[in-house]
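# Observations on the three-dimensional arrangement
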Amino acid sequence: MTDQFALTDDQIAIQEMARRFTADAITPFAAQWDEDHVFPRDTIKSAAELGFGAIYVSEESGGIGLGRLEAALIMEAMAYGCPATSAFISIHNMAAWMIDTFGSADLKSRYLPQLVTMDKMAGYCLTEPGSGSDAAALKTSAKLDGDHYIVNGTKQFISGGGVNDVYVTMVRTGDNGPKGISCLVIEKDMPGVSFGAPERKLGWNASPTAQVIFDNVRVPVGNRVGEEGDGFKFAMAGLDGGRLNIGACSLGGAQRCLDEAVTYVKDRSQFGKAIAEFQNTQVQLADMATDLEAARALLYLAAAKVSANAPDKTRFSAMAKKLSTDSGSSIVDRALQMFGGYGYLRDYPIERFWRDLRVHRILEGTNEVMRMIIGRDLLK
């Protein structure tokens, strides 16, 4: 941002490119993807042609080397059409960034060329059946055996589970606690990798979710990202950006529903006039728009802090994630109320966004955990 309030010309151009892509390739098809539980692989791969498969992967590694604000603008724009698709691309970007930022030259050369083009897609495996918010309690083990690790365990709620080709996976190589966690790149086709049945979810139907199961999987030591014991540090660094992106997805979904509500209340008449003419409707829209802009301003500020590696970046990332996802869900809910009974029907897009945005308050760290992060940082 050139000053406190304006996007640069380059940022506006990136935003417009993402909006055009969404209008052409996502929005017209998103309802059918949701209805039929279609994973739009070809559409997602076409996003990589614009550089969206490696948004903050360095140019040296083939990415477009943008900052976190630019990434948020892209995610927000794509979520206007389909939050689930935008979030899937966000997770791929986090995994690719982790390899690029912390991986060895050999690891980068083996994986990044195909991740940048999204010829291969990457997932991120942290959560387990017994460790969600308490991520440092993970139990998936990686025992050293010569020049390989033997990996055993199960990862839960993995976006792209079964369809992704590569999984950046947090494993326990040492003692209990965060310092015993390391990071491995595990391929879908390695013997011993399997997947649970696709989860039957409230929303995000265009993005498959499944357990990822490791049964004596032999992973080369060369597939370790960084040093042993650094995995949890990498995971937390990744989540700063992931929280911004999921917040941006909420902003995009909320903006779509606000726009749909504005159009609807102008057309819908009750008691002899358009419901847009009722003061209560105007008050509701005013509150929705104000809440959206406040969340957007905080998220853009937090994104700038993460790009600048500011000392308070984690607190601001948590604040932005909490406010954007809380406000996003609330705005969509109020938009649905304006539609009345029609908002509850799948003939209109509001109910899909209502379902899709609900999970944003849970993933990338629940909003209750966001409050813990914020409070602890303020009191340290």
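About the thresholds
Residues numbered from 1 in each chain as written. Predicted model: local features only at pLDDT ≥ 70, side-chain atom pairs only at ≥ 80, totals over all residues. Heavy atoms only, no water. Helix = DSSP H or I, 4+ residues; strand = E, 2+ residues; numbered from the N terminus. Buried < 20%, exposed > 50% of the residue type's maximum accessible area, 1.4 Å probe, protein only. Contact = heavy atoms within 4.5 Å. Areas by Shrake-Rupley, 256 points an atom, 1.4 Å probe, with all protein chains shown as cover. Lys, Arg positive; Asp, Glu negative; His and termini not counted. Charge placed at Lys NZ, Arg CZ, Asp CG, Glu CD. Disulfide = S-S within 2.5 Å. Core = buried A, V, L, I, M, F, W, Y, C linked by side-chain atoms within 4.5 Å. Expected span 1.5 Å × (residues − 1). Arc of directions from axis to C-beta. Pairing = 2+ DSSP bridges. Phe/Tyr/Trp six-rings, centres within 6.5 Å; stacked < 30°, edge-to-face > 60°. Lys NZ or Arg CZ within 6 Å of the ring centre and 35° of its normal.

### Some details on the overall build of the protein
Secondary structure assignment for the protein yields 11 helices and 10 strands. Expressed as lengths along the three principal axes of its C-alpha atoms, the size of the protein is roughly 80 × 45 × 40 Å. Split into buried and exposed, the 380 residues of the protein put 54% on the buried side. If you take every contact in the protein between residues at least 6 apart in sequence, the share linking residues at least 24 apart comes to 73%. When the accessible surface of the protein is summed, it comes to about 16,400 Å², and 52% of that surface belongs to carbon and sulfur atoms. Of the charged side chains in the protein, 39 are positive and 47 negative, and the gap between their average positions amounts to 5 Å.

### Here we look at unusual backbone geometry
Of note, Asn216 is a non-glycine position whose phi angle comes to about 55°, a positive value. With respect to the helices, strands and loops of the structure, Asn216 is situated in strand β7 (residues 209-220). Residue classification places Asn216 among the partly exposed positions, given a relative accessible area of 47%. Positive phi values are uncommon outside glycine, yet Asn309 reaches one of about 55°. Secondary-structure assignment places Asn309 in the loop between α8 (279-307) and α9 (313-339). Judged by relative accessible area, which is 52%, Asn309 ranks as exposed.

### Regarding the state of the cysteines
In this structure the tally under the stated criterion is 0 disulfides. With no disulfide of its own, Cys125 lies 9.9 Å from the sulfur of Cys183, the closest cysteine sulfur. Since its relative accessible area comes to 0%, Cys125 is described here as buried. With no disulfide of its own, Cys249 has Cys82 as its nearest cysteine by sulfur position, at a separation of 9.4 Å.

### Points about the nonpolar core
Counting 98 residues, the largest nonpolar core has Met78, Met98, Ile99, Tyr124, Met170, Val185 and Leu299 as its most contacted members. Those residues in contact with Ile99, other than ones at most four positions away along the chain, are Leu107, Lys108, Tyr111, Leu112, Leu115, Val168 and Val185. Counting residues in hydrophobic clusters, the runner-up holds 15 residues, among them Cys125, Val193, Phe214 and Val217.

### Some points on helix α1 (residues 9-25)
An ideal rise of 1.5 Å per residue puts 24 Å on 17 residues; α1 measures up with 24 Å between its terminal C-alpha atoms. For α1, the set of buried residues is Gln11, Ile14, Gln15, Ala18, Phe21, Thr22 and Ala25. The arc that holds every buried residue of α1, seen down its axis, measures 125°, which confines them to one face. Within α1, the exposed residues directed more than 90 degrees away from the buried face are Asp9, Arg20 and Asp24.

### A few points about the pairing of strand β1 (residues 122-125)
Where burial is concerned, the two faces of β1 agree: the one with Ala122 and Tyr124 and the one with Gly123 and Cys125 are both buried. Two strands pair when backbone bridges link them, and β1 and strand β4 (residues 166-172) are joined in this way by 4 bridges, in the parallel orientation. Of the residues in β4, the one forming a bridge with Tyr124 is Val168.

### What to know about the packing of aromatic side chains
As enumerated under the stated definition, the model contains 11 aromatic pairs in all. With 5.5 Å between their ring centres and 80° between their planes, Trp97 and Phe102 make a pair best called edge-to-face. Residue classification places Phe102 among the partly exposed residues on the basis of a relative accessible area of 23%. Measuring from centroid to centroid gives 5.6 Å for Phe339 and Tyr348, while their planes differ by 70°, and the two rings are edge-to-face. Geometry around Tyr56 places Arg68 over its ring, the cationic atom sitting 3.7 Å from the centre. The ring centre of Trp97 lies 4.8 Å from the NZ or CZ of Arg68, which sits over that ring.

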